[in-house]
Amino acid sequence: MVWHRLRACKLVVLLQPSYNRIYMNFFGGPDNIIKQSGIQDGTMIADFGCGTGAYTLALSKLFRASHIFAIDVQKPLLEHLAAEAHREHLNNIETVWAD
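Residues numbered from 1 in each chain as written. Predicted model: local features only at pLDDT ≥ 70, side-chain atom pairs only at ≥ 80, totals over all residues. Heavy atoms only, no water.

**Details of the overall build of the protein**
The cut-off we apply is this: For helices the rule is a DSSP run of H or I covering at least 4 residues; for strands it is a run of E covering at least 2, with both sets numbered from the N terminus onward. Each residue's exposure class comes from its accessible area (1.4 Å probe, protein chains only) as a fraction of the maximum for that residue type: buried when under 20%, exposed when over 50%, partly exposed otherwise. Only heavy atoms enter the contact rule, under which two residues are in contact if any of them lie within 4.5 Å.
In terms of regular secondary structure, the protein is built from five helices and four strands. Ordering the α and β elements of the protein from the N terminus gives α-β-α-α-β-α-β-α-β. Evaluated residue by residue, the protein yields a buried proportion of 38% over its 99 residues. Sequence separation of at least 24 residues holds for 66% of the intrachain contacts in the protein that already meet a minimum separation of 6.

Right, here's the structure in full:
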């Protein structure tokens with residue numbers, strides 16, 4: 001299982017949808033928020049409650065050498081994210097269904 005690998009993650013993105021709207025309005029979206037975070041490329045990243053992956057996809061594009069775990073309880077959202085990542089040729093995302 002993937003859970004033992006999550007212990008090695010240096011960053012956990014944990015933003016609830018209501019906060020996302022506030023952050024996006026104030027900071028201008030996932031890219032700007034992530035750039036201000038101080039994350040370095042090559043870091044293992046876990047995005048809990050990733051939904052359809054706005055932050056996951058932005059993280060993947062900005063940090064190509066990083067491995068990103070996209071974790072959610074809703075399998076259809078993870079399937080959507082996986083399809084979008086495939087369409088954009090992003091191969092550093094691993095979806096995890098937290099059922």
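More follows now that the structure is in view.
**Regarding unusual backbone geometry**
A positive phi angle is found at His89, which is not glycine, with a value near 55 degrees. Tracing the chain through its elements places His89 in the loop between α5 (75–87) and β4 (93–97).

**Quick word on the pairing of strand β3 (residues 67–72)**
Note the cut-off: Two strands are said to pair when DSSP picks up at least two bridges between them. Looking down the strands as they point away from you, a crossover is right-handed if its path from the first strand over the helix to the second goes clockwise.
Burial within β3 is extensive, with five of its six residues counted as buried. As paired strands, strand β2 (residues 44–48) and β3 are joined by five bridges and run parallel to one another. Across the sheet, residue Ile45 finds its bridge partner in β3, namely Ile68. Crossover β2 to β3 through helix α4 (residues 54–62) is right-handed. Sheet topology note: the β3/β4 ladder contains five bridges and is parallel. Residue pairing for β4: Ile71 is matched across the bridge by Val96.

**Focus: the confidence of the model for the protein**
Filter applied, for reference: A score from 0 to 100, pLDDT tells how confident the predictor is in each residue.
Counting all residues, the mean pLDDT for the protein is 81, and 71% of those residues have values of 70 or more. Mean pLDDT across the secondary structure elements of the protein bottoms out at strand β1 (residues 11–13), with 52, and peaks at α5, with 97.

**What to know about the pattern of salt bridges**
Inclusion rule: In the sections that follow, a salt bridge refers to a side-chain nitrogen of Lys or Arg positioned within 4 Å of a carboxyl oxygen of Asp or Glu.
Tallying each qualifying case throughout the model produces three salt bridges. Here Glu88 ties to Lys61 by a salt bridge, and the two come within 2.8 Å at their closest N and O atoms. Of this pair, Glu88 sits in the loop between α5 and β4 while Lys61 sits in helix α4, and the two are 27 residues apart along the sequence. Salt-bridge contacts for Arg87 lead to Glu88; the nearest nitrogen and oxygen are separated by 3.6 Å. For Arg87, a relative accessible area of 55% corresponds to the exposed category. Residues joined by salt bridges that share partners form a network here, namely Lys61, Glu84, Arg87 and Glu88.

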